[in-house]
Amino acid sequence: MLTGIRLKYSILRSAVKGLLVSQNKGDEPASVLIERARVEKSVSEPKGRGRSKVNSVIYRDKDNPKAFYEWANESYVADVTDELPFEIPDSWEWARLGSFARLKAGNTIPDADLMRMQTGGLYPCYGGNGIRGYAETYNREGRYIAIGRQGALCGNIHLFEGKFYATEHCILAMIFGGTSLDWFAYMLEGLDLNNSMSSTAQPGLAVRDLNKVLIPVPPLEEQIRIEEKVRKLLALADEFTECERRRQETDAEFPGKLRRSVVREAVRGRLGTGNPSESASDLRKRISETKLIPAKKSKMRWPESFIYRDPDDPTRFLEKQGNHEPEDITDSIPFDIPPNWEWARLRDIACGHGFMTPTEKFSHIEIGNIDNIKHKLYEPLPVRSPEIYPGSKKITRLGDILVAMVRPNLKNICMIEKEYEFPPFACFSIIVLGCHELMLNRYVFTYLLSPDFDNYANQFDTSRGTSIPTIKETTLLAALIPIPPREEQERIVKKLDEMLLLIQEFVDKRVELHEKSFEKAKRRRIKELEDLMEGKKLDSDLGSESKPDPEI
């Protein structure tokens, strides 16, 4: 599949091979430019030890323009035709990088001498992949091409200018003969110097190896035309990359957003599963009469709570806790519910079973054992021995809902949906919720996965802005939950399962159609690129010889 990275590489490869612009017979021959650059480089080089030993001239065979010979270091002539990586236009020439430019690595600087922020009197300090910090001194001034020399990104190309400090992790290239610096940078990118790195455990580029790299050199006037055309094409490639990024982002987020939207509508009574003749008021009263009692070992104790509609104004909700006077909580109600639904505190319809110390082998549930995408337990659960993992654990039962207390794992929510050979116990960073027998645990589970519950859990200071953000168990249990009639709870869960299955089928089909649509858009963009190149084709038809995407 064509990606932005592949498209950019194809453009640069086309530029390197002379496929982007037409050749002009009136241009100064490339051989003249190379000789001028070689002479300038030789004159400007320091004498003695620092002088470059690269002295190479590559020229065409007079009788066979496709054959090339190299006169190297004033000593011998060799046929280098088989060494050349690809064909170039007749008006172009080949040269060794070291005979055309001077390459030199930067200098070491201690990390302690670098500042994170730039202030007056500091200079940018560059490594092989861009800026590393700011230094009090500089070792280069001007406009240079920098080649990354170490690590997985060695061979990447940057343009640095002004006063700056170059570290030993980058190789700076100084070019001669009036050569276009922008064309030279594009050419180096198109050559993919990373393929020239040494085969060591730590990838790296040595100056001596880079000096030997063969580079194709067009006439100076053509270099200018190439850099102008590449700049326009890369701007279109950037647009293509941005479109690709947005598409991928949309494809990644769309299924989850659609599912959350459907779940939200379900717990707000908007799936069309309601029956006005049914009422949750009787269910709520029965739950209140058979109130859940937390396990004896649990420290959770709270006054009995009962939420009801104001008899004189059904839009108002009152809450009576213990022996206190009823309190108006209308402003705390997060959203409207159908007239035959009721509100309750989560603690009044679900609670834990306490904790105990296992005496035999047990299945241990940590936060990491919960898949926060599928909201299921990873299988198999780890089996622990009480001798090796002593101490109390939270008791769990079939059908219980597990909610992680520690962020960013609050979405680690699941149900215990089967019996295990070794009884499962949860760690203390998980809240265990056993639902009241009159409530459908699948409905409660659905509400805990809804955006409304997530918004509630995120509003507290303990849920954000701390080193280990958490949600307290008392806070979670105080959450308001809408209560439909029991029959409607069952219909909601069934309808939701059907809709989520349809959503998955829809998403799969959408991705397929989206790919086809994107393929058409891609071809339109390719046509724009080719029109800009006056009918010329990109190298290898845009990517059959494409650079693979880098691993991240």
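These remarks concern the structure in this document. None of these values were measured; they are calculated from a predicted model.

Some thoughts on the sheet that holds strand E21 (residues 383-384)
Phase 1: In spatial order, the strands read E17-E22-E25-E18-E21; together these five strands make up an open sheet with mixed pairing. Looking at which strands have only one partner, the edges of the open sheet turn out to be strand E17 (355-356) and E21.
Phase 2: Taken together, the three bridges between strand E18 (residues 362-365) and strand E25 (residues 424-426) define a ladder with parallel strand orientation. In the sheet register, Ile 365 faces E25, and the bridge partner there is Ala 426.

A closer look at the packing of aromatic side chains
Phase 1: Following the criterion strictly, the structure yields 15 aromatic pairs and no others.
Phase 2: An angle of 35° between the planes, with centres 6.3 Å apart, marks the rings of Phe 453 and Tyr 456 as tilted. Of the two residues, Phe 453 and Tyr 456 both sit in helix H9 (residues 451-457), three residues apart, roughly one turn of that helix.
Phase 3: Classification of Phe 453 as buried rests on a relative accessible area of 2%.

Quick look at the side chain of Arg 268
Phase 1: Mapped onto the secondary structure, Arg 268 falls in the loop between helix H6 (220-267) and helix H7 (281-289).
Phase 2: Residues in contact with Arg 268, not counting those within four places in the same chain, are Phe 335, Asp 336, Pro 338, Trp 341 and Asp 452.

Considering the pairing of strand E9 (residues 157-166)
Phase 1: Of the pairings in the sheet, the one linking strand E6 (residues 123-127) to E9 comprises two bridges and is parallel in character. Within the sheet, the bridge partner assigned to Cys 125 lies in E9 and is Tyr 165.
Phase 2: Note that strand E8 (residues 140-148) and E9 share eight bridges and pair antiparallel. Its bridge partner lying in E9, Ile 145 is registered against Leu 159.

Details of the pattern of salt bridges
Phase 1: Going through the model one piece at a time under the given rule, you end up with 28 salt bridges.
Phase 2: Across the pair Arg 270 and Glu 265 runs a salt bridge, and its minimum N-O distance is 3.5 Å.
Phase 3: Among the charged side chains, a network of salt bridges with common partners joins Arg 143, Glu 161, Asp 182, Glu 227 and Arg 231.

Focus on the sheet that holds strand E13 (residues 313-321)
Phase 1: With antiparallel pairing, three strands are arranged side by side in an open sheet as E12-E13-E14. Pairing within the sheet leaves two strands with one partner each, and these edge strands are strand E12 (305-310) and strand E14 (327-328).
Phase 2: In this sheet, E14 lies alongside E13 in antiparallel orientation, the contact comprising two bridges. If you follow Leu 318 over to E14, its bridge partner there is Asp 328.

Rules used in this analysis
Residues numbered from 1 in each chain as written. Predicted model: local features only at pLDDT ≥ 70, side-chain atom pairs only at ≥ 80, totals over all residues. Heavy atoms only, no water. Pairing = 2+ DSSP bridges. Helix = DSSP H or I, 4+ residues; strand = E, 2+ residues; numbered from the N terminus. Phe/Tyr/Trp six-rings, centres within 6.5 Å; stacked < 30°, edge-to-face > 60°. Buried < 20%, exposed > 50% of the residue type's maximum accessible area, 1.4 Å probe, protein only. Contact = heavy atoms within 4.5 Å. Salt bridge = Lys/Arg side-chain N within 4 Å of Asp/Glu carboxyl O.

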